[in-house]
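Architecture at a glance
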Amino acid sequence: MSTPLTIEDIVDQRAYERERDEFRRHVIDLKRRRRIGVGPFVTLVFENRDTIRFQIQEMARAEKIITDEGIQTELDVYNPLIPAAGQVSATLFVELTDEAQLREWLPKLVGIETEVELRLGPDGGRRVRCTVDEDHLRQLTRDEITASVHYVRFELDPDEVDAFASGPVVLALTHPAYAHEVVLGEDSRAELLADLRGET
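Residues numbered from 1 in each chain as written. Predicted model: local features only at pLDDT ≥ 70, side-chain atom pairs only at ≥ 80, totals over all residues. Heavy atoms only, no water.

**Some points on the overall build of the protein chain**
- If you tally the helices and strands in the protein chain, you get seven helices and eight strands.
- What you see for the protein chain is a C-alpha radius of gyration of 17 Å, in line with the 16 Å of a compact globule of 200 residues.
- Taken along the three principal axes of its C-alpha coordinates, the protein chain extends 50 × 40 × 30 Å.
- A total of 200 residues make up the protein chain; the buried ones form 48% of that total.
- Pairs at least 24 residues apart make up 73% of the contacts formed inside the protein chain by residues separated by at least 6 positions.
- When the accessible area of the protein chain is evaluated, it comes to approximately 10300 Å², of which 48% is carbon and sulfur surface.
- Charged side chains in the protein chain number 25 positive and 40 negative. The centres of these two groups are separated by 4 Å. (Helix = DSSP H or I, 4+ residues; strand = E, 2+ residues; numbered from the N terminus. Rg over C-alpha atoms; globule rule 2.2 N^0.38 Å. Buried < 20%, exposed > 50% of the residue type's maximum accessible area, 1.4 Å probe, protein only. Contact = heavy atoms within 4.5 Å. Areas by Shrake-Rupley, 256 points an atom, 1.4 Å probe, with all protein chains shown as cover. Lys, Arg positive; Asp, Glu negative; His and termini not counted. Charge placed at Lys NZ, Arg CZ, Asp CG, Glu CD.)

Here you go:
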C-alpha cells in the first residue's frame, strides 16, 4: 500500500543529480502508461508515489528548495495525490498554449474538474464519479474561469475494483462544453489496477 512521502524520501540536490537521469527515464516510462488523453486537449496523468516524488524533486531542483521547511511545504501539497488502496488519483491538464484558445475555453470549462467519471464493465453500467480535494478546489476554481490544472480522485469499492479488473474501463468527461470519452488500453488499466490493489 502506498504511504505518504516524508522528508527522508526527498534527497538533497547533489544526490538527486546522481540519480536523476535514471529516475527520469523510469518516470517517463511510468507516465507513458499513466497519461490518458480525453478529447482534443484534456489529459489526465494518474499519479503514484514515484510520479509525485519526481514532481517534488524536480520542483526542489528548479526552485532551489533546500530547507526542510520548504520541502515539507511541497510534501503537504502533493502527498494527497498519492492514491491509497481502492483509489486512483490524477492531475487533469487543459493543454492549450494559444492565448486566444485559453481565453475562449477556460471560461467555458468552469467546473470541469467535477465532471470526470470512470465507466466500468461491458455496458459501462457501473459509474464512479471523481471527487476533488476541498483545498485544491478552493485554490483552483473560480466562478468565471477555470484553471488549466486540476487534481481529481476516484474511490472504488471492492466490487468496483473487480469490475475495473475485468474491464473494459472508459474514462469520460461529461462537462456540457466538453463531452469526450476514451477506453483505457490494457497497459494503462493494469497500471491503475495496481494502484487500486495497493501494489504501487
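Read on, since the account is not over.
**Things to note about the environment of Val-38**
- The residue Val-38 is located in strand β1 (residues 35-38) in this model.
- Of the residues examined, Val-38 reaches a relative accessible area of 0% and is grouped as buried.
- Remark: the alpha-carbon pair of Val-38 and Ala-172, spanning 134 residues in sequence, is separated by 7.3 Å.
- The contact partners of Val-38, leaving out residues within four places of it in the chain, are Leu-44, Leu-171, Leu-173, Tyr-178, His-180, Glu-181 and Val-182.

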